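Results of the structural survey
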Amino acid sequence: MLHTPLHDWHVAHGGKMVEFAGWSMPVYYSSITAEHQTVRQSVGLFDISHMARFQVIGGQSTEFLDHLLTANVPSMQSSEIRYSLVCRENGGILDDVLVYRFADYHLVVANASNRAKIWNWMEDHLGAWDIALKDLTESWAMVAIQGPKSLDLLQPLVKANLQAMKYYTGMIAVVSGESGIISRTGYTGEDGFEVILPSDQAVRFWETLLQTGQQLQVQPCGLGCRDTLRLEAGMPLYGHEMDETVDPITARLGFGVHLDGANFVGKEAIVKRKTHGTLQTRVGLRLEGKRIAREGAIVLQQGRQVGRVTSGTYSPTLQQSIAMSLVEREASAVGTALEVDLRGQRIAAEVVKLPFYSRTRT
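Residues numbered from 1 in each chain as written. Predicted model: local features only at pLDDT ≥ 70, side-chain atom pairs only at ≥ 80, totals over all residues. Heavy atoms only, no water.

A closer look at unusual backbone geometry
Both trends apply: most residues other than glycine have a negative phi, and most peptide bonds are in trans. Selection rule: Labels follow the DSSP assignment, with helices taken as runs of H or I lasting at least four residues and strands as runs of E lasting at least two, numbered in each case from the N terminus. Exposure is judged per residue with a 1.4 Å probe applied to protein chains only, and the accessible area is read against the type maximum: over 50% gives exposed, under 20% gives buried, and values in between give partly exposed.
With an omega of 0°, the peptide bond running from Leu354 to Pro355 counts as cis. Looking at the element boundaries, Pro355 is found in the segment after strand 19 (345-352). Unlike most non-glycine residues, Ser176 shows phi in positive territory, near 50°. Among the secondary structure elements, Ser176 is positioned in the loop between strand 10 (170-175) and strand 11 (178-183). At Arg343, a residue that is not glycine, the phi angle is positive and equals roughly 55°. Inspection of the secondary structure assignment puts Arg343 in the loop between strand 18 (337-342) and strand 19. For Arg343, a relative accessible area of 87% gives the class exposed.

Some details on the packing of aromatic side chains
Applicable threshold: For Phe, Tyr and Trp, where Trp contributes only its six-membered ring, two rings pair if their centres lie within 6.5 Å, and the inter-plane angle classes them as stacked under 30 degrees, edge-to-face over 60, or tilted in between.
Summed over the entire model, instances satisfying the criterion amount to eight aromatic pairs. Between Trp9 and Tyr29, the aromatic rings sit 6.2 Å apart at their centres with planes inclined by 70°, giving edge-to-face as the arrangement. Highlighted residues: Trp9 in helix 1 (residues 7-12) and Tyr29 in the loop between strand 2 (23-28) and helix 2 (32-41), separated in sequence by 20 residues. Relative accessible area serves as the criterion here: at 9%, Trp9 is assigned to the buried category. Relative to Phe102, the ring of Tyr100 lies with its centre 6.2 Å away and its plane at 40°, an arrangement referred to as tilted. Pair check on accessibility: Tyr100 and Phe102 agree, each one buried. Of the aromatic side chains, those joined through ring pairs into one cluster are Trp9, Tyr29 and Trp206.

Here's the deal with empty space enclosed by the protein
Note the cut-off: Cavity and pocket criteria rest on a 1 Å grid covering protein atoms alone: a 1.4 Å probe that fits but cannot get out defines a cavity, protein on both sides within 12 Å along at least 5 of 7 lines defines an open pocket, and an atom within 4 Å of a point defines a lining residue. Grid points are joined across faces, edges and corners, and a volume is the space filled by probe spheres set on the points.
The tally for this structure, following the rule as stated, stands at one cavity of 30 Å³ or more. Considering only enclosed or pocket space, the largest cavity measures out at about 40 Å³ in volume. In terms of lining, the largest cavity is formed by Leu65, Leu68, Leu69, Val86, Val108, Ile118 and Met122. Taken together, the elements giving at least two residues each to the lining of the largest cavity come down to helix 3 (61-68) and helix 4 (115-124).

Thoughts on the sheet that holds strand 3 (residues 44-47)
So the rule is basically this: For two strands to pair, DSSP has to find at least two bridges joining them. To obtain an axis, a line is fitted to C-alpha atoms, over the contacting stretch when the element is a helix, and the angle between two such axes runs from 0 to 180 degrees between their N-to-C directions. A contact between two residues is defined here by any heavy atoms of the two lying within 4.5 Å.
Read from one edge of the open sheet, six strands run 10-11-12-9-3-13, paired in mixed fashion. Only two strands of the sheet have a single partner each, and these edge strands are strand 10 and strand 13 (219-221). Direction aside, the axes of adjacent strands within the sheet are offset by 30° on average. As defined by bridge partners, strand 9 (residues 140-146) adjoins strand 12 (residues 192-198) across seven bridges and the pair is classed as antiparallel. Each bridged residue has a counterpart across the sheet, and for Ala144 the counterpart in strand 12 is Glu194. Relative to strand 13, helix 2 is tilted by about 120°, and along the sheet it contacts strand 3, strand 9 and strand 13.

Concerning the nonpolar core
Condition: Only buried residues count toward a nonpolar core, which is a set of Ala, Val, Leu, Ile, Met, Phe, Trp, Tyr and Cys residues joined through side-chain atoms within 4.5 Å.
Residues Phe46, Leu85, Ile93, Tyr100, Leu107 and Met242 are the most contacted members of the largest nonpolar core, which totals 34 residues. For this core, the elements supplying multiple residues, two or more each, are strand 5 (81-87), strand 6 (93-101), strand 7 (106-110), strand 9 and helix 7 (223-232). Broken down by element, the residue count for this core peaks at four residues, all from strand 5. Not counting residues up to four positions away in its chain, the partners in contact with Leu85 are Leu68, Leu69, Thr70, Ile93, Asp95, Asp96, Met242, Pro248, Leu253, Gly256 and Val257. Leu45, Met165, Leu197 and Ala202 belong to the second largest nonpolar core, which has 29 residues in total.

Points about the environment of Phe193
Looking at the secondary structure, you find Phe193 in strand 12. On the basis of relative accessible area, Phe193 is assigned to the buried category, the value being 0%. The sequence separation of Phe193 and Lys272 amounts to 79 residues, and the corresponding C-alpha distance is 37 Å. Ignoring any residue separated from it by four or fewer positions in sequence, one finds Phe193 in contact with Val143, Ala144, Ile145, Gln146, Ser150, Leu151, Leu154, Leu162, Met165, Ile182, Ser183 and Arg184.

Digging into the packing of helix 2 against helix 7
Selection rule: The cut-offs work like this: below 35 degrees is roughly parallel, past 145 is roughly antiparallel, 65 to 115 is roughly perpendicular, and the gaps in between are oblique. The sense of a crossing depends on the near helix, which, turned anticlockwise from the far helix by less than a right angle, makes the crossing left-handed and, turned clockwise, makes it right-handed.
Packing of helix 2 against helix 7 leaves a shortest axis separation of 8 Å and a crossing angle of 55°. It follows from the interaxial angle that helix 2 and helix 7 lie oblique. Judged by the twist between their axes, the crossing of helix 2 over helix 7 is right-handed. In this structure, helix 2 uses Ile32, Glu35, His36, Val39 and Arg40 to contact helix 7, whose residues at the interface are Gly224, Cys225, Thr228, Leu229 and Glu232.

The structure is reproduced here in structure tokens:
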């Protein structure tokens, strides 16, 4: 398995290590629920160095990425970040990514499980484009700082005014004395930042955050609560709510697709899907009781199967069983009564509006 620059720190400090997308990663330190609540109430640290980071350099990098990504790359301003999808010709989703634009290059952040696939996809489409690709995944580390106190934690270590940073923007800045990249996005439903910096600086930076954030009750967090947090926030996960058999319209990710004047791979198929409608769509479900609807559980309406659960958990914040599912459009209206088959027992469920949880914004 691959190891992030923080791997030995995780092991030494009690991280419960598991294999994830070919990497040895901590799933939790204390408990998933405790770390979940830390992020909702104060601030948590995540090692996300396993996520793929590809640098795209060259005079045609904008045009190249506009050809491969569903986002409107040419309209991006320097320091802007956009959510995008990478699709096959038939509209199936290869991955969902974030694309950063800086003055001299673009950065594409992809899911760890799709690192080789997206790298190969970009290489296969290089053709005569005047660009160069560089995989920074193992030479740079990436740390996510998430929670309502994330600004208080990071600001003392950065000279730039983080309060002025808008959501989905990034900057090249000096972080704890080292040059790095700061972004303000997140995958938890809370305010937060990501810091990308050279691998040999990762442990020092991580320990500095923990030391300076003691009064903020900062805690290291594993992938377990990252999943429960994103599910409460209604955020899809590749391999669950989307894959190569699911198009962006079915997954309700049309906000990440720019069609007007675009000519990206898969556009024609997505236009047809949007014009003629989808057979299924992604919805949120609230279940009765505390049983968790696992991925693959059958969703029924009046005894007839209308879909399958894609992700489910017992929400630590809401204290109820929640799930996301792909269901037939006729069964997707908010308030629709459904059932979920959990090992032969049918549990009452209701379609609810996504996200399940939204933070209070000041």
